[in-house]
Amino acid sequence: MGNAWDVIVIGGGPAGMMGAGTAAARGLKVLLLEKNPNLGKKLRITGGGRCNLTNATFNNHLLLSQYNQADKFLFSAFAQHSVRETLDFFHLKELATKVELENRVFPLSDKAEDVALTLEKFLTLNKVTIKTSIAVKKIVLQNSRISHLETSAGQFSAKSYIIATGGNSRPETGSTGDGYEWLKDIGHKVIFPTPSLVPITVKDSWVSKVAGLTIQDTNISIYQNGLLITKTLGKVLFTHNGLSGPGILNLSNQISESLIHGPVIIRINTSPSFSEEEITNYLREACIKSANKKVKNILSEIIPSKLVSIILDLTNIDPERKCNTVTKVERHHLTTNIRGLNLNIKGLLGPEKAIIASGGVSLTEVDFKTMQSKLFKNLYLVGDILNIVRPSGGYSLQLCWTTGYVAGRNCGQ
């Protein structure tokens with residue numbers, strides 16, 4: 001059979017494409033295997049099709065603090081390739097970028113497709129051989145090394161192997177957790193993955209009426225038994241059965257853990273542009289200046305119009321009432337509901353809706369200077385296959401660019 005290739009990369013997502021192209025740029029003979037008919041299937045839908053490709057935090061200590069307990073493992077990898085190198089990589093390939101709220105970096109075109117095409121050109125330029133619609137079935141060992149791969153198209157062998165199969169989030173894109181099973185079978189410790197960064201469902205039926213509504217940069221608080229558990233600032237997106245958006249996704253792990261202990265309430269400020277005092281004053285003055293106006297007509301000035309009838313209903317105020325009939329106590333209740341709209345959390349959506357899945361290969365079994373497995377010298381592990389929890393905001397893709405690059409630089413030695 002022989003080693004027909006210097007490197008075989010399994011998985012044509014962001015980490016796999018970065019690893020394959022980087023290895024090939026060193027003059028290595030590289031084969032990229034992908035089970036989907038096309039590369040970058042999940043990449044093309046990430047960030048709502050816009051692709052939040054990194055976070056513009058150029059201080060590695062600050063950046064790595066977002067990766068929880070993984071920061072100490074990741075430092076040597078990020079010292080080799082971090083945000084600056086990622087932006088240089090894309091800019092040199094003529095993909096213009098822009099920075100938005102919370103340092104999120106997007107392609108200027110707002111098209112994830114452009115990011116995928118840039119990576120595909122990188123592979124073509126460096127003469128990577130790409131074989132799609134091939135599913136790997138098994139990793140075969142011999143003398144403490146990877147000997148070859150059993151696939152749907154026969155056996156393939158190489159001097160080195162990079163596994164970049166991703167986790168088990170969004171299985172419709174091919175991320176079905178296959179890599180976890182292969183690695184477990186050959187002796188790697190795999191922490192069982194759970195959905196992470198997942199939209200939530202709520203018990204409140206009215207939420208379907210406001211599906212599609214977004215509130216930017218607002219206060220989000222989580223309560224249990226009347227006690228504040230955690231709070232954050234972020235974007236909220238109302239869906240037909242619950243909530244999504246970066247602000248919600250980043251709390252999903254904590255919500256999941258809290259639900260084990262009983263009911264959880266999420267509280268959202270529907271009018272983040274105004275302080276409590278400003279809302280109180282606005283309502284008082286509106287009830288004087290616009291005494292004969294219907295109360296529903298003055299509210300759309302300070303809250304999204306889709307929420308007006310919802311908030312009035314929760315405050316037990318008839319939307320058709322005239323402003324001058326609204327009492328001081330009712331105005332106070334109105335302000336409270338505007339500043340803190342309560343929803344009762346039902347649960348989290350499953351892996352099929354997760355942005356990422358937490359879990360994966362134990363970090364103690366990987367040398368992060370090279371991304372080499374400590375168990376098998378010709379095996380490299382990158383991206384979502386690793387047990388690293390991180391928030392939404394470009395951190396997941398940066399992990400892919402960094403680990404893919406480091407593996408590509410060091411494999412096939």
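Everything below is about the structure printed above this text.
Criteria and cut-off values
Once a new chain begins, its residue numbering starts again from 1 and follows that chain's sequence as written. It should be noted that, the model being predicted, local features are given only for residues of pLDDT at least 70 and side-chain atom pairs only at 80 or more, the latter also being counted only at that level, while totals for whole chains, interfaces and linings use all residues. Heavy atoms throughout the structure, all of them, feed into the side-chain values; hydrogens and water do not. Every helix listed is a DSSP run of H or I at least four residues long, and every strand listed is a run of E at least two residues long, numbered separately from the N terminus. Each residue is placed in one exposure class: buried if its accessible area under a 1.4 Å probe, protein chains only, is under 20% of its type's maximum, exposed if it is over 50%, and partly exposed if it falls in between. Contact between two residues is taken to exist if any of their heavy atoms lie within 4.5 Å; hydrogens are not considered. Note on pairing: DSSP must find at least two bridges between two strands before they are called paired. By nonpolar core is meant a set of buried Ala, Val, Leu, Ile, Met, Phe, Trp, Tyr and Cys residues that side-chain atoms within 4.5 Å join together. Angles shown run from 0 to 180 degrees and are taken between the N-to-C directions of axes, each axis being a line fitted to C-alpha atoms and, for helices, limited to the stretch in contact. Geometric relationships in this document are graded by angle, where less than 35 degrees denotes roughly parallel, more than 145 denotes roughly antiparallel, 65 to 115 denotes roughly perpendicular, and other angles denote oblique. Each helix crossing is assigned a hand: it is left-handed if the near helix lies turned anticlockwise from the far helix by less than a right angle, otherwise right-handed if that turn is clockwise. In this count, Pro and Cys sit with the nonpolar residues alongside Ala, Val, Leu, Ile, Met, Phe, Trp and Tyr, while Asp, Glu, Lys and Arg are called charged and the others, Gly among them, polar. What a helix is expected to span follows from its residue count: subtract one and scale by 1.5 Å.

Chemist: Go over the side chain of Asn410 with me, naming the residues and quoting the values.
Modeler: Structurally, Asn410 can be placed in helix H13 (residues 395-410). With a relative accessible area of 16%, Asn410 lands in the buried category. Apart from the residues within four sequence positions on either side, Asn410 is in contact with Arg26, Gln80, Lys369, Thr370 and Tyr380.

Chemist: I'd like a rundown of the environment of Thr129, residues and numbers included.
Modeler: Its location among the elements puts Thr129 in strand S6 (residues 129-131). With a relative accessible area of 29%, Thr129 lands in the partly exposed category. Distance from Thr129 to Thr86, taken between C-alpha atoms, is 23 Å for residues 43 residues apart in sequence. In this structure, Thr129 is in contact with Trp5, Val30, Leu31 and Leu32, ignoring residues within four places of it in sequence.

Chemist: Any chance you could break down the sheet that holds strand S3 (residues 54-55) for me, citing the residues and the numbers?
Modeler: With antiparallel pairing, the three strands of this open sheet are ordered in space as S3-S5-S4. On the outer flanks of this sheet lie S3 and strand S4 (97-99), each paired with one strand and no other. Here S4 pairs with strand S5 (residues 104-107) via three bridges, running antiparallel. Of the residues in S5, the one forming a bridge with Thr97 is Pro107.

Chemist: Now, about the pairing of strand S2 (residues 30-33): what can you tell me, with residues and values included?
Modeler: In S2, alternate side chains face the same way, and those of Val30 and Leu32 on one face and Leu31 and Leu33 on the other are all buried. Pairing between strand S1 (residues 5-10) and S2: four bridges, direction parallel. Paired with Ile8 across the bridge in S2 is Leu31. Where S2 meets S6, three bridges bridge the pair, whose relative direction is parallel. The residue of S6 that forms the bridge with Leu33 is Lys131.

Chemist: Help me get a handle on the nonpolar core, residues and values and all.
Modeler: Among the nonpolar cores identified, the biggest contains 78 residues, and Ile8, Leu53 and Tyr67 are the most heavily contacted of them. The element that contributes the greatest number of residues to this core is H13, accounting for seven residues. With sequence-adjacent residues up to four places away left out, Tyr67 is seen in contact with Leu74, Phe78, Ile388, Val389, Arg390, Tyr395, Gln398 and Leu399. In this structure, Ile200, Trp206, Leu283 and Ile317 belong to the second largest nonpolar core, which totals 40 residues.

Chemist: Mind laying out the packing of helix H1 (residues 14-25) against H13, listing which residues take part and the relevant values?
Modeler: Remark: H1 packs on H13, axes separated minimally by 7 Å, with the N-to-C direction vectors making an angle of 30°. Considered as vectors, H1 and H13 are oriented roughly parallel to each other. Here H1 runs over H13; the crossing is right-handed. Across from Pro14, Ala15, Met18, Gly19, Thr22 and Ala23 in H1, the residues of H13 making contact are Leu397, Cys400, Trp401, Gly404, Tyr405, Gly408 and Arg409. Taken together, the residues of the contact of H1 with H13 sort by class into eight nonpolar, four polar and one charged.

Chemist: Can you lay out the sheet that holds strand S16 (residues 265-268) for me, pointing to particular residues and giving the numbers?
Modeler: Spatial strand order, S12-S15-S14-S13-S16-S17: six strands in a closed barrel with antiparallel pairing. Pairwise comparison of adjacent strand axes, ignoring direction, gives a mean angle of 45° for this sheet.

Chemist: So, H13: which residues are in play, and what are the values?
Modeler: Its 16 residues place the ends of H13 23 Å apart at the C-alpha level, agreeing with the 22 Å of an ideal helix rising 1.5 Å per residue. Most of H13 is tucked away, with 14 of its 16 residues classed as buried. One or two steps after H13, the chain reaches Gly412, where phi turns positive at roughly 70°.

Chemist: Quick rundown of the side chain of Thr335? Include the residues and the values.
Modeler: On the secondary structure map, Thr335 appears in helix H12 (residues 328-339). Each residue touching Thr335, except ones within four places of it in the same chain, is listed here: Glu276, Ile279, Thr280 and Leu283.

Chemist: For the pairing of S16, give the residues involved together with the corresponding values.
Modeler: Residues of S16 alternate between two faces, with Ile266 and Ile268 buried on one and Ile265 and Arg267 left unburied on the opposite face. Of the strand pairs in this sheet, strand S13 (residues 214-224) and S16 are connected by four bridges, and their pairing is antiparallel. Within S16, the residue paired with Ser221 across the bridge is Arg267. The pairing of S16 with strand S17 (residues 341-348) spans four bridges and is classified as antiparallel. Bridged to Arg267 within S17 is Asn342.

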